[in-house]
Amino acid sequence: NRGAEAVIADDYSIMRVTGSRPDGTFTEVKVGECSYFSLMNITGDAEGVTIKNAKYSLEDAVVKAEFALGVSNENLPGKNASVTVKKGQLLLIEVF
C-alpha cells in the first residue's frame, strides 16, 4: 500500500479500502448517502476502529477477520457515518 486510493463501483454499490497508511497515519472516512454499509476485514485484525453517526457505532474496537462485526450498518437519519481505522485495513462497502 503506497497510499493510493482505489474505488470499485457498479450500479448498486461502491467498495474502497480504508485504514492506516504505511507511515502509521490514518484518516476519518465519510460514508456516502447509502441504504447500508458494511466493513469487512481484509488484512487480519484491524485496531482502533471507530464508527460514528451510524445505527451501530463503535469506539476504538478491534475487528477480527473471524467475526463479521461491521456488516449491514446504516447512517443515522440526516447524517453520514464516518469510519476511522488506526491500524489495519477494512473494505468499506456502501450499498445504494
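Asks: Lay out the nonpolar core in plain terms, naming residues and giving numbers.
Replies: Judged by nonpolar contacts, the single largest core of 15 residues is most densely connected at Val31, Phe37, Val49, Ile51 and Leu90. Among the elements of the structure, strand 4 (36-41), strand 5 (46-52) and strand 9 (89-95) are those that each provide at least two residues to this core. In terms of residue count, the dominant contributor to this core is strand 5 (three residues). When neighbours within four sequence positions are excluded, Val31 is seen to be in contact with Arg16, Phe37, Asn75, Asn80, Ala81, Val83, Leu92 and Glu94.

Asks: How would you explain the pairing of strand 2 (residues 13-19) if you had to name every residue and give the values?
Replies: Across three bridges, strand 1 (residues 7-9) lies against strand 2 in antiparallel orientation. When the bridges of strand 2 are listed, Val7 appears paired with Arg16. Connecting strand 1 to the antiparallel partner strand 2 that follows it, the hairpin turn spans three residues. Pairing of strand 2 with strand 9, which is carried by seven bridges, proceeds in the antiparallel orientation. If you follow Thr18 over to strand 9, its bridge partner there is Leu90.

Asks: Give me the lowdown on the sheet that holds strand 5, citing residues and values where you can.
Replies: Read from one edge to the other, the open sheet built from four strands follows the order 3-8-5-6, with strand pairing classed as antiparallel. Of all strands in the sheet, those with a lone pairing partner are strand 3 (28-30) and strand 6 (58-63), marking the two edges. Going from strand to strand, the sheet's axes swing by 25° on average, the running direction of each strand aside. Examined bridge by bridge, strand 5 and strand 6 share three bridges and lie antiparallel to one another. Pairing of Ala46 across the sheet is with Val63, part of strand 6.

The rules we used
Residues numbered from 1 in each chain as written. Predicted model: local features only at pLDDT ≥ 70, side-chain atom pairs only at ≥ 80, totals over all residues. Heavy atoms only, no water. Core = buried A, V, L, I, M, F, W, Y, C linked by side-chain atoms within 4.5 Å. Buried < 20%, exposed > 50% of the residue type's maximum accessible area, 1.4 Å probe, protein only. Helix = DSSP H or I, 4+ residues; strand = E, 2+ residues; numbered from the N terminus. Contact = heavy atoms within 4.5 Å. Pairing = 2+ DSSP bridges. Axes fitted to C-alpha atoms, helices over the stretch in contact; angles between N-to-C directions.

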